[in-house]
Amino acid sequence: GAAPANDDEALLASSAADCPVALPAARLRDAVLTVAERTAATLSAAENARLWRALSSHACLREDPEAAPWLQLHAAIGARDAAAMRAQAQALLATWRADSDPRRHGLLVATAMLGALASGDAAGAMSVWHAHRAPDWRADSVNVHLRLLLATALYRAPPPRG
């Protein structure tokens, strides 16, 4: 395979077989998120499947109970599986505190909204937005990805009754 392109890829590659005791789980989860952000759109579904299968058997990640649902989320994103993306993101959002990690929170909301939209459920995407947006998020202040998802959901959702 190719040489690791950055520190996060090197970290995941170097500790895949044997988990060093000194490696903090949060650091490893950050590395997984960074790798996911870099690869989800650029790898094919088959390449993503191989990546997430390999990371799911990673020694350190197997020891971290918080890693499994995130690996499943990233695998669903990589597979372009709208229903699984939505289900995994909503499962994580069910116990998520919006103020705990803005980067992950934005990913969860965007993934759940995208999964709903790709499944033809614009009203469901709007429900995700209303239920899980951070208190300081406004339609004109969130990142461009969330703005695009929100605009698409607003355009496609049926008008409110009443």
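The structure we're discussing is the one just above.
Residues numbered from 1 in each chain as written. Predicted model: local features only at pLDDT ≥ 70, side-chain atom pairs only at ≥ 80, totals over all residues. Heavy atoms only, no water.

**Q** Could you clarify how one ought to interpret the overall build of the protein chain in this entry?
**A** A count of helices and strands for the protein chain gives nine helices and zero strands. Within the protein chain, the proportion of its 162 residues that are buried is 41%. Taking the contacts inside the protein chain whose residues are at least 6 apart along the sequence as the reference set, 59% of them involve residues at least 24 apart. (Helix = DSSP H or I, 4+ residues; strand = E, 2+ residues; numbered from the N terminus. Buried < 20%, exposed > 50% of the residue type's maximum accessible area, 1.4 Å probe, protein only. Contact = heavy atoms within 4.5 Å.)

**Q** Explain helix H9 (residues 144-156) here, please?
**A** Residues three or four positions apart in an α-helix share a direction because the helix packs 3.6 residues into each turn. Over its 13 residues, H9 extends 18 Å from the first C-alpha to the last, a length consistent with the 18 Å expected when each residue adds 1.5 Å. Buried-residue contacts for H9 involve helix H7 (102-118) and helix H8 (122-132). At the N-terminal boundary of H9, the capping side chain belongs to Asn143, with an oxygen 2.9 Å from the backbone nitrogen of His145. (Expected span 1.5 Å × (residues − 1). Polar contact = N/O pair within 3.5 Å; in protein donor to acceptor, adjacent residues only side chain to side chain.)

**Q** Would you take a moment to explain the packing of aromatic side chains for this structure?
**A** Where two aromatic rings form a pair, the distance of their centres and the angle of their planes describe that pair. Across all of its chains, the model carries two aromatic pairs by this definition. One Lys or Arg, Arg104, reaches over the ring of Trp70 and ends 5.8 Å from the middle of that ring. (Phe/Tyr/Trp six-rings, centres within 6.5 Å; stacked < 30°, edge-to-face > 60°. Lys NZ or Arg CZ within 6 Å of the ring centre and 35° of its normal.)

**Q** Would you explain unusual backbone geometry in this entry?
**A** Across the chain, the bulk of peptide bonds are trans and the bulk of non-glycine residues have phi less than zero. Backbone geometry at Arg80 places phi at a positive 60°, although glycine is not the residue there. If you trace the backbone, Arg80 turns up in the loop between helix H5 (67-79) and helix H6 (82-93). We classify Arg80 as partly exposed; its relative accessible area is 42%.

**Q** Whenever I open this one, the side chain of His74 confuses me. Can you help?
**A** Note that His74 resides in helix H5. Look at His74 and you get buried, because its relative accessible area is 4%. Contact partners of His74, with chain neighbours within four places excluded, come to Val32, Leu33, Ala36, Trp52 and Leu107.

**Q** Where do I start with the environment of Asp121 in this structure?
**A** Note on placement: Asp121 falls in the loop between H7 and H8. Classification of Asp121 by relative accessible area gives partly exposed; the value is 26%. Sequence separation of Asp121 and Ala157 is 36 residues, and the distance between their C-alpha atoms is 7.8 Å. Sequence-distant contacts of Asp121, defined by excluding residues within four places in its chain, comprise Arg86 and Ala116. At a separation of 2.7 Å, a polar atom in the side chain of Asp121 contacts the main-chain amide nitrogen of Gly124.

**Q** Please explain the nonpolar core as it appears in this structure.
**A** A general feature of soluble globular proteins is that nonpolar side chains tend to end up buried together. In this structure, Leu73, Leu108, Val109, Met113, Trp129, Trp137 and Leu146 are the most contacted members of the largest nonpolar core, which totals 29 residues. Of all the secondary-structure elements, those providing two or more residues to this core are H5, H6, H7, H8 and H9. In terms of residues, this core owes the most to one element, H7, which gives seven residues. For Leu73, the contacting residues outside a window of four places in its chain are Met85, Gln88, Ala89, Leu92, Leu107, Leu108 and Thr111. Formed by twelve residues, the second largest nonpolar core is a distinct cluster that contains Cys19, Leu28, Trp52 and Leu55. (Core = buried A, V, L, I, M, F, W, Y, C linked by side-chain atoms within 4.5 Å.)

**Q** Would you take a moment to explain the packing of helix H2 (residues 25-39) against helix H3 (residues 45-56) for this structure?
**A** For any two helices packed against each other, one specifies the crossing angle of their axes together with the interaxial distance. Remark: H2 packs on H3, axes separated minimally by 12 Å, with the N-to-C direction vectors making an angle of 175°. When the interaxial angle is binned, H2 and H3 end up roughly antiparallel. Residue-level inspection shows Val32, Val35, Ala36 and Thr39 of H2 in contact with H3, the latter providing Asn48, Leu51 and Trp52. Of the residues in the contact of H2 with H3, the class split is five nonpolar, two polar and no charged. (Axes fitted to C-alpha atoms, helices over the stretch in contact; angles between N-to-C directions. Parallel < 35°, antiparallel > 145°, perpendicular 65-115°, else oblique. Nonpolar A, V, L, I, M, F, W, Y, C, P; charged D, E, K, R; others polar.)

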